[in-house]
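Structure assessment
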Amino acid sequence: MLIDGRQMHIQITKGDIGRYVILPGDPARCEKIAQYFDDPKQIAHNREYTLWTGSLDGVPVAVCSTGIGGPSAAIAMEELVECGADTFIRVGTSGGIVDKVKGGDIVIATGAIRQEGTSREYLPIEFPAVADFSVVSALHEAAQALGFPYHTGVIQSKDSFYGEIRPAQMPIADELTAKWKAWKAAGALTSEMETAALMIVAQVLHVRCGAVLNVLWNADNDDAPAIPPDATERGVKAAVEAIRVLIREDSKA
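First, a word on what this report is: a plain description of the structure on this page. Given the structure is predicted, the values throughout are model-derived calculations rather than measurements.

**Examining the nonpolar core**
Ranked by internal contacts, the top residues of the largest apolar core, which has 70 residues, are V21, I22, L80, F88, I89 and V212. Among the elements that take part in this core, helix α7 (residues 231-252) stands out by supplying 9 residues, more than any other. Those residues in contact with V21 that lie beyond four places of it in its chain are A62, V63, C64, L80, A85, T87, F88 and I89.

**A few points about the packing of aromatic side chains**
Inspection of the entire model under this criterion finds 1 aromatic pair. Ring geometry for F161 against Y162: centres 5.0 Å apart, planes inclined by 90°, an arrangement best described as edge-to-face. Judged by its relative accessible area of 36%, F161 is partly exposed.

**What about empty space enclosed by the protein?**
The rolling of a water-molecule-sized probe over the atoms marks out the regions of remaining empty space. Tallying each qualifying case throughout the model produces 1 cavity of 30 Å³ or more. Quantified by volume, the largest cavity comes out at close to 40 Å³. As for the largest cavity, its lining consists of R29, V91, G92, T93, N214, T232 and V236. At the level of elements, β7 (87-96) and α7 are the ones that each hand at least two residues to the lining of the largest cavity. It is β7 that contributes the most residues to the lining of the largest cavity, 3 residues altogether. Grouping the amino acids of the lining of the largest cavity by side-chain chemistry returns 2 nonpolar, 4 polar and 1 charged.

**What about the packing of helix α2 (residues 70-82) against helix α6 (residues 195-205)?**
Running from N to C, α2 and α6 cross one another at 30°; their axes reach a closest spacing of 9 Å. Relative to α6, the element α2 lies roughly parallel. Handedness of the crossing formed by α2 with α6: right-handed. Facing α2, whose interface residues are G70, A73, A74, M77, E78 and V81, α6 presents A197, L198, V201, A202 and L205. When grouped by side-chain class, the residues that make up the contact of α2 with α6 number 9 nonpolar, 1 polar and 1 charged.

**A short note on the environment of C64**
With respect to the element layout, C64 can be found in strand β6 (residues 59-64). Looking at C64, the relative accessible area reads 0%, which means it is buried. In this structure, the C-alpha to C-alpha distance between C64 and I200, residues 136 residues apart in sequence, is 18 Å. In contact with C64, not counting residues within four places along its chain, are I10, V21, I22, L23, P24, C30, T50, L51, A76 and L80.

**Describing the pairing of strand β8 (residues 106-115)**
For β8, the buried fraction is high: 9 of the 10 residues fall into the buried class. Taken together, the 9 bridges between β8 and strand β10 (residues 150-158) define a ladder with parallel strand orientation. Bridged to I108 within β10 is T152. Of the pairings in the sheet, the one linking β8 to strand β12 (residues 208-218) comprises 4 bridges and is antiparallel in character. What sits directly across from A109, in β12, is A211. Relative to strand β9 (residues 129-130), β8 is paired through 2 bridges, and the arrangement is antiparallel. Counterpart to A112 in the pairing with β9 is A129.

Cut-off values and rules
- Residues numbered from 1 in each chain as written.
- Predicted model: local features only at pLDDT ≥ 70, side-chain atom pairs only at ≥ 80, totals over all residues.
- Heavy atoms only, no water.
- Core = buried A, V, L, I, M, F, W, Y, C linked by side-chain atoms within 4.5 Å.
- Buried < 20%, exposed > 50% of the residue type's maximum accessible area, 1.4 Å probe, protein only.
- Helix = DSSP H or I, 4+ residues; strand = E, 2+ residues; numbered from the N terminus.
- Contact = heavy atoms within 4.5 Å.
- Phe/Tyr/Trp six-rings, centres within 6.5 Å; stacked < 30°, edge-to-face > 60°.
- 1 Å grid on protein atoms, 1.4 Å probe; cavity = no way out; pocket = protein on both sides within 12 Å on 5 of 7 lines; lining within 4 Å.
- Points joined across faces, edges and corners; volume = space filled by probe spheres on them.
- Nonpolar A, V, L, I, M, F, W, Y, C, P; charged D, E, K, R; others polar.
- Axes fitted to C-alpha atoms, helices over the stretch in contact; angles between N-to-C directions.
- Parallel < 35°, antiparallel > 145°, perpendicular 65-115°, else oblique.
- Left-handed = near helix turned anticlockwise from the far one by under 90°.
- Pairing = 2+ DSSP bridges.

Next comes the structure, spelled out in structure tokens:
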């Protein structure tokens, strides 16, 4: 939706960005991510949405924050697509679920459990939230090249941060705990709050989306977070390198 020629929330218009966009949650991360671009420049800031542009290998790229949770993430993607973007990589933080996923690892999501509400207003719950194969492949190639410890598989997206952190305090504690045990038994890798919504919106809009998550701790077996100093940058570096891979592959099409 345009107001005075600009998108209502992200405050840009068609032509301001290219097709490739990195999506962190935190607006404060945008400037840091943009420093991996050539010629970075901030072009907008409104509410939870901060946008920077630049280029990689001579191709326009952007970074746009989405805020916390599915509703604001969906708004960002809807408006970015209207402005010409068609390839998205979410970069965020998460807490490991299965025991093998530790603080400092990165997780490449092939799909996401839809334990959130936003995606249900786009597609019935039976429709799976899955990543675009080309984006997953690019992230896998990037993680291998960078040498970071990584995992690839299904993650969980939810709406309540404290429903995960303090389930026993919730009136539906039994339900939350039972679902968590089910996700873990099935091998879900890590938990966060935006990926399922982004994947479903991308499916509806017929654009590409993937996600790489920095794991800060394991929710079940870490007494306290103890991660390498560069842990929160690992997902960013993987996303930037993955976009380079996609640029090369897309140029051959």
